[in-house]
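Examining the three-dimensional arrangement
The chain contents come next:
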Amino acid sequence: MQKEKVVEVKGLYAAFGQSVVLRDVSFSAYKGEVTVILGGSGSGKTTLFNHLLSLYPVSMGLVKVLGRNVSTLREVEQVELYHQMGVFYQSGALLNSLTVAENVALPLAQHSELPPGLIDEIVYMKLGLVNLSHAFHLYPSELSGGMLKRAALARAIVMDPPLLFCDEPGAGLDPVSLESLDNLIVNLKERLGMSIIIVTHEVSSILRIANRVVFLDNGVVAFEGPLKEALHSDHPAVEEFFSVMKSDNMRELLG
Ligand SMILES: Nc1ncnc2c1ncn2[C@@H]1O[C@H](COP(=O)(O)OP(=O)(O)OP(=O)(O)O)[C@@H](O)[C@H]1O
Ligand SMILES: [Mg+2]
């Protein structure tokens, strides 16, 4: 059976002034899978991500998200599409003047007509999902870095988006918090059937969460395919990246 594509990119180019940062990028991401976009610093991961989120216009090539060509959407269709996408930014960016619950409730308060009691229930459930029920009434300044990330994740999924985008969700976390965030991501996929696109170069996360890997090398897709195949790729940059990962994991195993 053919898997359903949630993201399809074909022949995408991107440039800032004279400098071309994405060259003929093509790949697909599939429903119910975690797709990791990885590659070295400056390889174009965030630029690609911003195209998927329609933050940058597509100047050349095709970008389809949930079956929609993002270049041809009318404004109302774009808004509709946004409602089906959860976005988890690197900074987390919770509002400090609101409690955790109020932060998580924001998208629902803004985009739904639900009564406050029901919103509270949904928020409580989502906080439970990220193991933060106890933080309902706390303010962001009272949370640890890992808790902040989990609260931001709860906010990204509060509308039950079928598609979740995460830009470097694990950046700055200690290994234990990182592992618990990774477990959450896998849970969202397995329990809620979410499709997830993650930009990361957090080596230890990739083995835990990725079904599929898109490896960018200097703006070019050096590899696209299942994680298992990526581990055996003979592309020099991919091989080098995963050899570091293998030795990191060995170190972890050896304590
Ligand atoms: N707004 C911008 N204006 C000009 N150049 C940019 C802009 N954003 C990115 N670039 C350039 O595009 C290239 C790719 O940057 P990008 O941020 O996509 O890399 P990245 O893979 O996300 O790197 P990192 O892992 O460091 O976050 C870099 O050479 C960067 O300098
Ligand atoms: Mg980046």
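Please refer to the structure placed before this passage.
Structure report, in brief.

Reading guide: rules and limits
- Residues numbered from 1 in each chain as written.
- Chains lettered and ligands numbered in written order.
- Predicted model: local features only at pLDDT ≥ 70, side-chain atom pairs only at ≥ 80, totals over all residues.
- Heavy atoms only, no water.
- Core = buried A, V, L, I, M, F, W, Y, C linked by side-chain atoms within 4.5 Å.
- Buried < 20%, exposed > 50% of the residue type's maximum accessible area, 1.4 Å probe, protein only.
- Contact = heavy atoms within 4.5 Å.
- Patch = residues over 30% accessible without salt bridge, like charges linked within 9 Å, V, L, I, M, F, W, Y side chains within 5 Å.
- Areas by Shrake-Rupley, 256 points an atom, 1.4 Å probe, with all protein chains shown as cover.
- Salt bridge = Lys/Arg side-chain N within 4 Å of Asp/Glu carboxyl O.
- Helix = DSSP H or I, 4+ residues; strand = E, 2+ residues; numbered from the N terminus.
- Near = heavy atom within 4 Å.
- Polar contact = N/O pair within 3.5 Å; in protein donor to acceptor, adjacent residues only side chain to side chain.
- Nonpolar A, V, L, I, M, F, W, Y, C, P; charged D, E, K, R; others polar.

As for the nonpolar core
If you look at soluble globular proteins, the nonpolar side chains tend to sit buried side by side. V123, L127, L153, L164, I196, I206 and V213 are the most contacted members of the largest nonpolar core, which totals 51 residues. Sequence-distant contacts of V123, defined by excluding residues within four places in its chain, comprise A101, V104, A105 and F136. Formed by 28 residues, the second largest nonpolar core is a distinct cluster that contains A14, I37, F49 and V214.

A look at a nonpolar patch on the surface
Side chains of Y13, V20 and M60 sit close together on the surface and give an oily, nonpolar patch of about 250 Å² of accessible area. Relative to the helices and strands, M60 resides in strand β4 (residues 60-65).

Brief notes about the site of ligand 1
Lining the immediate surroundings of ligand 1 are F16, V21, G40, S41, G42, S43, G44, K45, T46, T47 and H201. Within the backbone of G44, one N or O atom sits 3.0 Å away from an oxygen atom of ligand 1. Take T47: an N or O atom from its side chain is 2.5 Å from an oxygen atom of ligand 1. If one sorts the elements of the shell around ligand 1 by residue count, helix α1 (residues 45-52) sits on top with 3 residues. Each residue belonging to the shell around ligand 1 can be placed in one class, and the counts come to 2 nonpolar, 8 polar and 1 charged.

Section: unusual backbone geometry
A positive phi angle, close to 50°, is found at D24, a residue other than glycine. Of the residues examined, D24 reaches a relative accessible area of 45% and is grouped as partly exposed. Phi at S54 is positive, roughly 60°, even though this residue is not glycine. Note on placement: S54 falls in the loop between α1 and β4. Judged by relative accessible area, which is 22%, S54 ranks as partly exposed.

Side note on the environment of E102
Mapping E102 onto the fold places it in helix α3 (residues 100-111). The exposure class assigned to E102 is partly exposed, which follows from its relative accessible area of 39%. Note: C-alpha distance between E102 and Y139 (37 residues apart in sequence) is 9.3 Å.

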